[in-house]
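Commentary on secondary and tertiary structure
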Amino acid sequence: MINLLICGIGGKMGANVLSLAQSDGGFNVVCGVDPHAPDGVNVPVYPSFDGVKEKIDVIVDFSSPAALHGEMDWAVKNGVPVVLASTGYTEEDIKYIDECASKVAVFRTGNFSLGINLLQQLVKRCAEVLGEKFDVEIIEKHHSQKVDAPSGTALMLADSVNEVFDNQKPTLYGRHGIVGKRANEIGIHAVRGGTIVGEHEVMFAGEDEIITVSHSARSKRVFAVGALKAAKWLVGKPAGKYDMNNVLAT
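Quantities reported herein were computed from a predicted structural model and do not represent experimental measurements.

A few words on the overall build of the protein. Along the backbone of the protein there are seven helices and 12 strands. Computed over its C-alpha atoms, the radius of gyration of the protein comes to 19 Å, within 12% of the 18 Å expected for a compact globule of 250 residues. Seen through its C-alpha atoms, the protein measures out along the principal axes to roughly 60 × 40 × 35 Å. In the protein, buried positions account for 46% of the 250 residues. Contacts spanning at least 24 positions in sequence make up 67% of the contacts within the protein whose residues lie at least 6 apart. Of the roughly 12,600 Å² of accessible surface on the protein, 51% is carried by carbon and sulfur atoms. Both charge centroids of the protein, one from 24 positive and one from 30 negative side chains, sit 3 Å from each other.

Below, the structure is given as structure tokens:
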């Protein structure tokens with residue numbers, strides 16, 4: 001039985017993780033961390049990691065970057081691996097995550113959907129086959145309450161394409177005004193509205209033909225399923241950085 005701590009247990013994704021973990025015979029949810037403890041949760045919820053005293057095998061974090069330093073400091077001190085499922089990290093945050101990964105196992109990816117991670121592999125293959133003659137545009141759509149743009153998944157997909165081109169393509173976030181002819185870039189466009197869970201489309205536009213690869217999430221539960229799959233995989237791993245490609249390869 002894996003002792004699980006859910007960071008961000010008071011949010012919608014935290015609730016999904018809690019529900020799925022409690023119905024999974026492999027997890028024991030021992031506590032959560034959230035400044036706003038939800039009603040009806042039958043495990044201890046602490047406002048910060050300072051109050052956590054339980055034995056934890058792995059942390060799943062669906063909170064926000066604001067929790068990062070307190071969480072990672074505690075994880076490193078106690079040797080507990082962390083699944084980071086939040087988005088919106090700054091470059092400084094990512095450097096800090098990398099530093100911590102030299103001391104404890106850290107699992108981080110832009111999206112925990114297995115379908116999205118397959119999409120990542122597909123767009124990379126498309127870039128390899130189609131090459132420089134095709135322009136690449138990424139369109140991502142999310143609900144009106146999402147605070148960061150573009151999505152971490154869109155950035156992940158752009159990185160996958162750019163690897164094929166030795167990371168030489170600059171990224172352009174939207175277009176406005178007289179911007180001139182399209183350059184050798186990867187365009188990313190963010191749409192926000194309603195209750196869209198998450199949609200991502202990668203378009204390869206060439207001469208007289210267009211190839212589009214897309215993914216649509218219909219429920220946030222798919223992300224919770226992927227995060228718990230990652231948590232099971234991460235327990236017992238040595239310090240280092242891991243992502244869904246490691247899970248898919250096993």
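On to the nonpolar core. Formed by 33 residues in total, the largest nonpolar core has its most connected members in Leu4, Val17, Val60, Phe62, Val83, Phe107 and Phe112. Counting residues per element, the ones that place at least two in this core are β1 (2-7), α1 (12-23), β2 (27-33), β4 (58-61), β6 (105-108), α6 (221-234) and α7 (244-248). No other element matches the eight residues that α6 contributes to this core. Sequence-distant contacts of Phe112, defined by excluding residues within four places in its chain, comprise Val83, Leu84, Ala85, Phe107, Asn117, Val222, Phe223, Gly226, Ala227, Ala230 and Met244.

With six of its six residues buried, β1 lies for the most part within the structure. Note that β1 and β2 share six bridges and pair parallel. Bridge pairing in β2 places Ile6 opposite Gly32.

This paragraph deals with the sheet that holds strand β3 (residues 45-46). Pairing between sheet strands relies on hydrogen bonds along the backbone, with the strands arranged either parallel or antiparallel. Read from one edge of the open sheet, seven strands run β3-β2-β1-β4-β5-β6-β12, paired in parallel fashion. A single partner strand is all that each edge strand has here, and the edge strands are β3 and β12 (240-242). When β4 meets strand β5 (residues 82-84), the two strands line up parallel, connected through three bridges. Note on β5: the bridge partner recorded for Val60 is Val83. Packing of α1 onto the sheet brings it into contact with β1, β2 and β4, and relative to β1 it is tilted by some 165°.

Turning to the packing of helix α4 (residues 114-130) against helix α5 (residues 152-164), a few remarks are in order. Interaxial distance between α4 and α5 falls to 8 Å at its minimum, and their mutual angle equals 30°. By the angle between their directions, the pair α4 and α5 is classed as roughly parallel. As for how α4 packs across α5, the hand of that crossing is right-handed. Residues Ile116, Leu119, Gln120, Val123, Lys124, Ala127 and Glu128 of α4 form the contact with α5, whose participating residues are Thr153, Met156, Leu157, Ser160, Val161, Glu163 and Val164. Along the lines of polarity and charge, the residues of the contact of α4 with α5 split into eight nonpolar, three polar and three charged.

Cut-off values and rules
Residues numbered from 1 in each chain as written. Predicted model: local features only at pLDDT ≥ 70, side-chain atom pairs only at ≥ 80, totals over all residues. Heavy atoms only, no water. Helix = DSSP H or I, 4+ residues; strand = E, 2+ residues; numbered from the N terminus. Rg over C-alpha atoms; globule rule 2.2 N^0.38 Å. Buried < 20%, exposed > 50% of the residue type's maximum accessible area, 1.4 Å probe, protein only. Contact = heavy atoms within 4.5 Å. Areas by Shrake-Rupley, 256 points an atom, 1.4 Å probe, with all protein chains shown as cover. Lys, Arg positive; Asp, Glu negative; His and termini not counted. Charge placed at Lys NZ, Arg CZ, Asp CG, Glu CD. Core = buried A, V, L, I, M, F, W, Y, C linked by side-chain atoms within 4.5 Å. Pairing = 2+ DSSP bridges. Axes fitted to C-alpha atoms, helices over the stretch in contact; angles between N-to-C directions. Parallel < 35°, antiparallel > 145°, perpendicular 65-115°, else oblique. Left-handed = near helix turned anticlockwise from the far one by under 90°. Nonpolar A, V, L, I, M, F, W, Y, C, P; charged D, E, K, R; others polar.

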